[in-house]
Amino acid sequence: MAEPPVLIRQDEVEDLLHYKDLIPRLEVALRKFSKLDSAEVIQPVRTTVPLQKYNGFLGLMPAYLVHEDILCTKLVCFYKRESGSTLSSTQATVLLFDPEYGNVKAVMDGEVITAKRTAAVSAISAKLLMPAKSDVLTILGAGHQALSHYNVFTETFSFKEVRVWSRRKETAERFAQSTQGHVTVWESVEEAVNGADVIVTVTGASEPVLFGQWVKPGAHVAAVGACRPDWRELDDVLMRQAEVYVDSREGAVAESGDIILSGAKVFAELGEVLNGTRPALREKTTVFKSLGMGIQDAVFAKLVFEQWKNKP
Ligand SMILES: NC(=O)C1=CN([C@@H]2O[C@H](COP(=O)(O)OP(=O)(O)OC[C@H]3O[C@@H](n4cnc5c(N)ncnc54)[C@H](O)[C@@H]3O)[C@@H](O)[C@H]2O)C=CC1
Ligand SMILES: O=C(O)C1=NCCCC1
C-alpha cells in the first residue's frame, strides 16, 4: 500500500525555494514546452470553474513532464477583491503524484510557489527583452506578486531606481517600507511609468491601468494580472504597438483579455526565444503577457519535495 502523502507547509516551501535554483529550471521547462513536435510536456489549458457568488474562480492546473516523470496539479482559487478588502486574492495548493501508481506523494502550499515561479518567469522575460541599459523599474500593484517581483528583479538586475504605484497610496507606502532597498511611492500611474525601462503590472484590475501613450518606446512590460478573457490591465494602444510575448500561446488566446479584446497578435512564446526559433526584439516596446502554467508549478513541486526529503 502507498505511503500517505506528506504535508509541506508554507514556511517550509519558503525556506526551500531560492530564485537562483528556480530560473535555470524554469528556462528548461519553457524550452521543452515550446519545442515543436515535442511530446515531452503534457499541459492542457487551465480548467476554470467560476465562483460567481464570491467574484472568484477555481483553476485546475495539471501537468505531466514525461522525461522527468513529474505529475502534478495545482488547485488555485483567485478572486477580484474590492479596494480595502483584507481577504487574500489567491489561495493555492499543489499536489505531487507518483505517476506510476497514481497516489499523491505530497500536498504542499501553493502560494509561495505561485508567487516565486510567476516572478521568476517575468525575470526571464526581462532578461530576454528589456532594453540593454535599464535603470528604472516600476511596479504597478503592491500585493504578493509585487513583492516577489521586487525580490527577484532586484536580485537579478541592477536598477538605479525602483518605483511603486498602488490604487491606495497607503498600500504602496506599506510595500515600500517592507522592501530591502529604497522604493519610491507614486500617486499616479502616468507619473510612475514616465521614463521607466521595465514595468511590471501585478494588479487585480479588470480594466486597463497602463496606457500605451505613457510607456517609453523600447520599454519592457511584464503583465501578470488580468488572467481572465474579459479582464484588462493594458490598453489597446499598448497591446497593438508592442511586440507581444507569452508563456503559452494556447493559454494566452483562451484566457488573456488584453490579447483577446485588443486583437493583438502573439509574436512568440518565451520558450521559442530561449530555443532560438523566434527573436528577442529588445529594441522594440515589448509586452510579456503572463498567465501561469502548470509545468512551472510542477518543476518547483518536485524541487521542494526532493529538498524536503533530504532535509537533515
Ligand atoms: N500570471 C500569473 O501566473 C499569475 C497572475 N496572478 C494575478 O496577479 C495579480 C496580482 O496577484 P497578487 O499580488 O497575488 O494579488 P494581491 O491581492 O496580493 O495584490 C493585488 C494588488 O492589485 C491592486 N488592485 C486590485 N484591484 C485593482 C484595481 N481594480 N485597479 C488597480 N489595482 C488593483 C491591489 O490594491 C493590490 O495592490 C492578480 O490579478 C492575480 O490574479 C497571480 C498569480 C499568478
Ligand atoms: O498561474 C497561476 O497560478 C494563476 N494564474 C492566474 C491567476 C491566478 C493564479
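Above: the structure in question.
Residues numbered from 1 in each chain as written. Chains lettered and ligands numbered in written order. Predicted model: local features only at pLDDT ≥ 70, side-chain atom pairs only at ≥ 80, totals over all residues.

Bringing the overall build of the chain into the picture now. Tallying secondary structure elements over the chain gives 11 helices and 15 strands in all. For 312 residues, the compact-globule estimate of 2.2 N^0.38 gives 20 Å, and the C-alpha radius of gyration of the chain, at 19 Å, lies within 12% of that figure. Taken along its principal axes, the extent of the C-alpha atoms in the chain is 60 × 45 × 40 Å. Relative to its 312 residues, the chain shows a buried fraction of 47%. Sequence-distant contacts, at least 24 apart, represent 66% of the contacts inside the chain between residues at least 6 apart. (Helix = DSSP H or I, 4+ residues; strand = E, 2+ residues; numbered from the N terminus. Rg over C-alpha atoms; globule rule 2.2 N^0.38 Å. Buried ≥ 20, exposed ≤ 12 C-beta atoms within 10 Å, placed from the backbone. Contact = placed C-beta atoms within 7 Å.)

Attention shifts here to the site of ligand 1. Neighbouring ligand 1 are 26 residues, the closest being G143, Q145, G204, G225 and G292. In terms of residue count, the dominant contributor to the shell around ligand 1 is helix α4 (residues 144-156) (3 residues). Residues that form the shell around ligand 1 fall into these classes: 9 nonpolar, 15 polar and 2 charged. In terms of domain composition, the shell around ligand 1 takes at least three residues from each of domain 1 (6-113 + 295-309) and domain 2 (122-293). (Near = placed C-beta within 6 Å. Nonpolar A, V, L, I, M, F, W, Y, C, P; charged D, E, K, R; others polar. Domains from an automatic or database assignment.)

Where helix α2 (residues 19-33) meets helix α3 (residues 111-129), the closest approach of the two axes is 9 Å, and the angle between their N-to-C directions is 65°. Put simply, α2 runs roughly perpendicular to α3. Considering the relative orientation of α2 and α3, their crossing is right-handed. The segment α2 lies against α3, with Y19, L22, I23, L26 and E27 engaging K116, R117, A120, V121, A123 and I124. Partitioned by chemical class, the residues of the contact of α2 with α3 number 8 nonpolar, no polar and 3 charged. (Axes fitted to C-alpha atoms, helices over the stretch in contact; angles between N-to-C directions. Parallel < 35°, antiparallel > 145°, perpendicular 65-115°, else oblique. Left-handed = near helix turned anticlockwise from the far one by under 90°.)

For helix α11 (residues 294-309), which comprises 16 residues, the first-to-last C-alpha distance of 22 Å matches the rise-based estimate of 22 Å (1.5 Å per residue) to within 8%. Listed as buried for α11 are G294, I295, Q296, D297, A298, V299, F300, A301, K302, V304 and F305. (Expected span 1.5 Å × (residues − 1).)

This paragraph deals with α2. Across its 15 residues, α2 extends 21 Å between first and last C-alpha, which sits within 8% of the 21 Å expected from 1.5 Å per residue. By the burial criterion, the buried members of α2 are L22, L26, A29, L30, R31, K32 and F33. For α2, the secondary structure elements touched by its buried residues are β2 (41-42), α3, α10 (270-275) and α11.

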